[in-house]
Amino acid sequence: MTDFAITTHQLAKTYSSGFGKKAIHALKGVDLEVGHGEIVGILGPNGAGKTTLLKILLGVVSPTSGTGTLLGRPIGDVKSRHRLGYLPENHRFPPYLTARQTLDVYGRLSRLDDATLKERIPMLIEEAGLSSWIDTRVGKFSKGMMQRLGLAQAMINDPDVLVLDEPTDGVDPVGRREIRDRLRLLKARGKTILINSHLLTEIELLCDRVAILNRGEIVQVGSIDDISGSQSGWRIECRSLQSGFDLSNFGASLEGPDHESGIIVPSGSLDNLNALIDHLRQANGQIVSVERHRRSLEAGFLDIIDREEKS
Amino acid sequence: MRTLSGSLLLTFRELWAMRLTQGILLVSTLAWLFLSFAMNLDVVEGSLAAVRIFGLESTPSDMIKDAETGEWVRQAVSVDKFVVGINSFVFGASYFLGTLLGLFATMPLIRGFLEQGRIDLLISKPVSRNQLLSGHLLGVVLTVLVLASYLVGGVWVALSLKTGVWFTHVLMSIPLIVIMFTVMYSVILTVTVMTRSNGLALILAYGLIFISAIMAAHEQILPVLSPTAKTAFNTMYHLLPNFVEVVIIQAQLVTGEAVASWYSLISSILFGAVIYGLGFIWFNRRDF
């Protein structure tokens, strides 16, 4: 077994739309390494090349140049997909199949024998919360049910690597939490998961590491703290504060443009925080709340993308 | 074999869901129920004395020239000739209508197969692209084989039981229908893989059938063409499928005659093989 479940080296993809038309460089030399048992999120604005990257890993799209491996085998090799599960974005299961038939067909295509299918299909359907719908045609399923069935399909062969493209797309908050819980369970079982999602909160709650793609290039790879800037501290909500109140002595700053905004105090000694609160009280400020503050992944992501766009 | 069974199941279930198979099975059943119950034959010494359809009687007869008097006289049709006539009609209709309707009806199948969100999921499975496309093709061809066998075989059994005349060579029509459907389906499959346009694929397939009707008259057309046009016509004749001309082979098979030339069938099969080759190469190289 190699050290990484997924590797790519200088992976590039150029789409040429036709004679005389401008070529689109969807990926420009992407290097990525995903360790066994990791959950890695791929983030990026629309058209950044996220789906292209996933499709190259799966052999659906061929790279223009560069190499990569999936579970130690070259990407594109049929055998590399034996221990792989994939949930595409906007997947379309044939509407005439029932949930059971869907898993049966995709299980056969994953080379599973009848005995394994007989055991795994009811189990996965139950885990997906679709037991009472097992013999219903999927054409009648809601978007959320389709997504849960899609995840069950991706896990039909008990894969070592799961590639999920927008797994919580169209799923309600309860369903999203269920999917998150299932993915955490899979991580605990040692599965490697690569997720492409627009929902940054999902990524933040799930992933060990995040890779940010912009205009076909990976601009940053790191932990959630690395990406968000790791600026933890406190947030004070204070009312009736006079304008021109000086916060600089405490290293604090206003969250927004006016004095009704929250006050962000960087992490440091508690004495500093308490001194600021005393100062605010003396200035007749009304303290509404004091809470731990952590910069969101979204803020870090947007900063990185803005920086890239400016450069 | 597991992956092939998956592909086949997918195709069979889709065809079943489209109600296509049920429709053809129903029409076929009606055809041989009609022959079994609605049509009654009175056979006297090997000749057909009368035919009753839904109780209405008719006396089929041929006009033949009397050898002694030289006059044209009516004579009862032999049962053999009647059976050949019915067979020719049923199998000719199956060949033309079956193929045209079959192409039209199976067209959405390949479009669905190549749909975004479905094909990428299929390719992500540990199956080669060749296996995926072969599985799809095999599913379609096997379905056509079953439907053609049901219609042609059923009519043959019903007619043979009725008349006592068992012309087994007419069953050769079944592989002929399946082969020519497969040849024409190569156009649907390859054009859809290349362009994702079902409409274009169908227009081209039907266009080729239309052109083959013109080319079937090549012996009459060639003498009136200029040398350049003659070369172009001949090239087309040899390169494109001879769908209509294959009917001659079918007629000879149905009537039990020796087949004069298999060329139109062989050149059509070669055309299909080349087009499938292109389709498979394109499917292997294409990004989805």
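These numbers come from a predicted model, not from an experiment.

**Quick look at the interface of chain B and chain A**
Here comes step 1: With 30 residues of chain B in contact, the opposing surface of chain A contributes 35 residues.
Here comes step 2: Summing both sides of the interface, chain B and chain A together bury roughly 2800 Å²; the carbon and sulfur share of this comes to 55%.
Here comes step 3: Considering only the side of chain B, the residues that lose the most area to chain A are B:Arg2, B:Lys125 and B:Pro126, jointly responsible for 25% of the buried surface there.
Here comes step 4: In this assembly, chain B and chain A are joined by three salt bridges.
Here comes step 5: For A:Lys13, the salt bridge identified is with B:Asp287, shortest N-O distance 2.5 Å.
Here comes step 6: Summed over the shared surface of chain B and chain A, the number is 17 residue pairs in polar contact (both at pLDDT 80 or more).
Here comes step 7: Looking at the side of chain B that touches chain A, the elements that each hand over two or more residues are helix H1 (2–17), helix H4 (119–123) and helix H5 (129–163) of chain B.
Here comes step 8: Sort the elements by how many residues they give to the side of chain B that touches chain A and H1(B) lands first, with ten residues.
Here comes step 9: Taken together, the residues of the side of chain B that touches chain A sort by class into ten nonpolar, nine polar and eleven charged.

**Here we look at the sheet that holds strand E10 (residues 217–223) of chain A**
All names here are of chain A.
Here comes step 1: Pairing in this open sheet of six strands is mixed, and the strands run E6-E7-E8-E3-E9-E10 from one edge to the other. The open sheet is flanked by strand E6 (84–87) and E10, the only strands paired with a single partner. Looking at each pair of strands side by side, their axes are set apart by 15° on average, direction ignored.
Here comes step 2: Of the strand pairs in this sheet, strand E3 (residues 39–43) and strand E9 (residues 209–214) are connected by four bridges, and their pairing is parallel. When the bridges of E9 are listed, Ile-42 appears paired with Ala-211.
Here comes step 3: This element, helix H5 (residues 173–188), spans E3, strand E7 (161–165) and strand E8 (192–196) of the sheet and lies at about 145° to E8.

**Considerations on the nonpolar core**
Within soluble globular proteins, side chains that are nonpolar generally end up buried alongside one another.
Here comes step 1: By size, the foremost hydrophobic cluster in this structure holds 156 residues, and its most contacted members are A:Leu149, A:Leu183, A:Ile195, B:Leu103, B:Phe113, B:Tyr185 and B:Phe283.
Here comes step 2: Counting 15 residues, the second-largest nonpolar core is a separate cluster that includes A:Trp234, A:Leu247, A:Phe250 and A:Ala283.

Criteria and thresholds
Residues numbered from 1 in each chain as written. Chains lettered and ligands numbered in written order. Predicted model: local features only at pLDDT ≥ 70, side-chain atom pairs only at ≥ 80, totals over all residues. Heavy atoms only, no water. Contact = heavy atoms within 4.5 Å. Buried area = accessible area lost by both parts, 1.4 Å probe. Salt bridge = Lys/Arg side-chain N within 4 Å of Asp/Glu carboxyl O. Polar contact = N/O pair within 3.5 Å; in protein donor to acceptor, adjacent residues only side chain to side chain. Helix = DSSP H or I, 4+ residues; strand = E, 2+ residues; numbered from the N terminus. Nonpolar A, V, L, I, M, F, W, Y, C, P; charged D, E, K, R; others polar. Pairing = 2+ DSSP bridges. Axes fitted to C-alpha atoms, helices over the stretch in contact; angles between N-to-C directions. Core = buried A, V, L, I, M, F, W, Y, C linked by side-chain atoms within 4.5 Å. Buried < 20%, exposed > 50% of the residue type's maximum accessible area, 1.4 Å probe, protein only.

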